[in-house]
Amino acid sequence: NYQYMAYEKIKVSSALIGLIPFIISVIPLYFRYILIGINNRYLKNSLKNICDDENELLLMLMKKNENVYLHSLQVADTSVRVAKMVGADMNLVKAGGRFHEIGKLKSNNYVSAGIDIMKANKFPKEVINIVKEHNSKSNIPRTLESAIVMLSDSIENTLETIIVTKGNNFNRRKIVENIIDIRFDTGMLDIAIKDIDLYKKLRKAYLTIYSSQSKPKSKSVSFSIHIFISKSSFLSCIYKYLIFKKI
């Protein structure tokens, strides 16, 4: 019996020793999972705070440059609608869209200035990366969210320019198709979108949104409304609900 018990102890000890490599390999994964959870919670709370309509930087942008402010809201609005259709992070593209030109508060080199402003205000790196990658002249998007903000910005800039120079009588759908296809054909989306099915889904989302638009939004009216409702928290809540209900 003694020999049998000793043999069993040796077997148990050997089994436990054999588990050590497995335990060592699992522990880092466990801590990584915990860290990811903490980061996601932090990111969610940060995005909620910086996307508030009364955000100080946004209000400063509204006072300094009405057109840039309204353009940023429109880019954010479009990006959120697209993100919902393709399964991207809606809060992240909303933040990226609203702050993608925040650097124009300080400089014409708005991408670099925007990054400095956001770092100074402790913005999440995920939002900073979108601002860094949204401008196709300097960088290419590396995430789906960056690609969405980049496309929304390119489309809005193009449509705004055409409307100002030629009026509103043009094929909006064709313009949007061309912008997306050129970005795809030139490799601008290769890193962010590796799945052709995702690209088709993204393309369809934009065409659905812009095919349903018959007239551009009135900037002067929406700007006046925003200034008025920003003075009343109750009206602001109603305004947010009406504006973003469609999202």
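For the structure, check the block above.
Residues numbered from 1 in each chain as written. Predicted model: local features only at pLDDT ≥ 70, side-chain atom pairs only at ≥ 80, totals over all residues. Heavy atoms only, no water.

S.K.: Help me understand the overall build of the chain, please; the structure alone is not making it clear to me.
M.R.: Each helix and strand in the chain was counted, giving eleven helices and zero strands. Looking at the chain as a whole, 40% of its 247 residues qualify as buried. Counting only contacts in the chain whose residues sit at least 6 apart along the sequence, the fraction spanning at least 24 positions is 68%. For the chain, the accessible surface area stands at approximately 14,800 Å², while carbon and sulfur atoms represent 59% of it. (Helix = DSSP H or I, 4+ residues; strand = E, 2+ residues; numbered from the N terminus. Buried < 20%, exposed > 50% of the residue type's maximum accessible area, 1.4 Å probe, protein only. Contact = heavy atoms within 4.5 Å. Areas by Shrake-Rupley, 256 points an atom, 1.4 Å probe, with all protein chains shown as cover.)

S.K.: Explain the nonpolar core here, please?
M.R.: Nonpolar side chains in soluble globular proteins generally cluster together in the buried interior. Counting 54 residues, the largest nonpolar core has Ile148 and Tyr206 as the members making the most contacts within it. In contact with Ile148, other than residues within four places in its own chain, are Ser79, Val82, Ala83, Val86, Ala88, Val93, Leu202 and Tyr206. (Core = buried A, V, L, I, M, F, W, Y, C linked by side-chain atoms within 4.5 Å.)

S.K.: Teacher, can you tell me more about the environment of Ser79 here?
M.R.: Mapped onto the fold, Ser79 is located in helix α3 (residues 66-86). Note on Ser79: relative accessible area 0%, which makes it buried. In this structure, the C-alpha to C-alpha distance between Ser79 and Glu145, residues 66 residues apart in sequence, is 8.4 Å. In contact with Ser79, not counting residues within four places along its chain, are Val93, Ile148, Val149 and Ser152.

S.K.: Just checking my understanding: could you explain helix α5 (residues 110-120) for this structure?
M.R.: Given 3.6 residues to a turn, an α-helix orients residues that are three or four positions apart in the same direction. Looking only at α5, the buried set comprises Tyr110, Val111, Ala113, Gly114, Ile115, Ile117 and Met118. In the core, the buried residues of α5 are packed alongside α2 (56-64), α4 (90-99) and α6 (125-133). Downstream of α5 by a residue or two, Lys122 has a phi angle that is positive, lying close to 60°.

S.K.: Sorry, what's going on with the packing of helix α7 (residues 144-166) against helix α8 (residues 172-185) here?
M.R.: In a packed pair of helices, the relevant descriptors are the angle between the two axes and the axis-to-axis distance. Where α7 meets α8, the closest approach of the two axes is 10 Å, and the angle between their N-to-C directions is 140°. Classified by the angle their axes make, α7 and α8 are oblique. Here α7 runs over α8; the crossing is right-handed. Contact with α7, carried on its side by Met150, Leu151, Ser154, Ile155, Thr158, Leu159, Ile162 and Ile163, involves Arg172, Ile175, Val176, Ile179, Ile180 and Arg183 of α8 and no other residues of that element. (Axes fitted to C-alpha atoms, helices over the stretch in contact; angles between N-to-C directions. Parallel < 35°, antiparallel > 145°, perpendicular 65-115°, else oblique. Left-handed = near helix turned anticlockwise from the far one by under 90°.)

S.K.: Would you mind showing me how to read the packing of aromatic side chains here?
M.R.: Any aromatic ring pair is given by two values, namely how distant the centres are and how the planes are angled relative to each other. For the structure shown, the criterion picks out two aromatic pairs. Seen from their ring centres, Phe99 and Phe123 are 5.0 Å apart, and the 75° between their planes marks the pair as edge-to-face. With a gap of 24 residues between them, Phe99 in helix α4 and Phe123 in the loop between α5 and α6 connect regions that are remote in the sequence. The exposure classification of Phe99 matches that of Phe123, with both residues buried. A cation sits over an aromatic face here: Lys104 above Tyr110, 4.9 Å from the ring centre. (Phe/Tyr/Trp six-rings, centres within 6.5 Å; stacked < 30°, edge-to-face > 60°. Lys NZ or Arg CZ within 6 Å of the ring centre and 35° of its normal.)

That is the geometry; function is a separate question.
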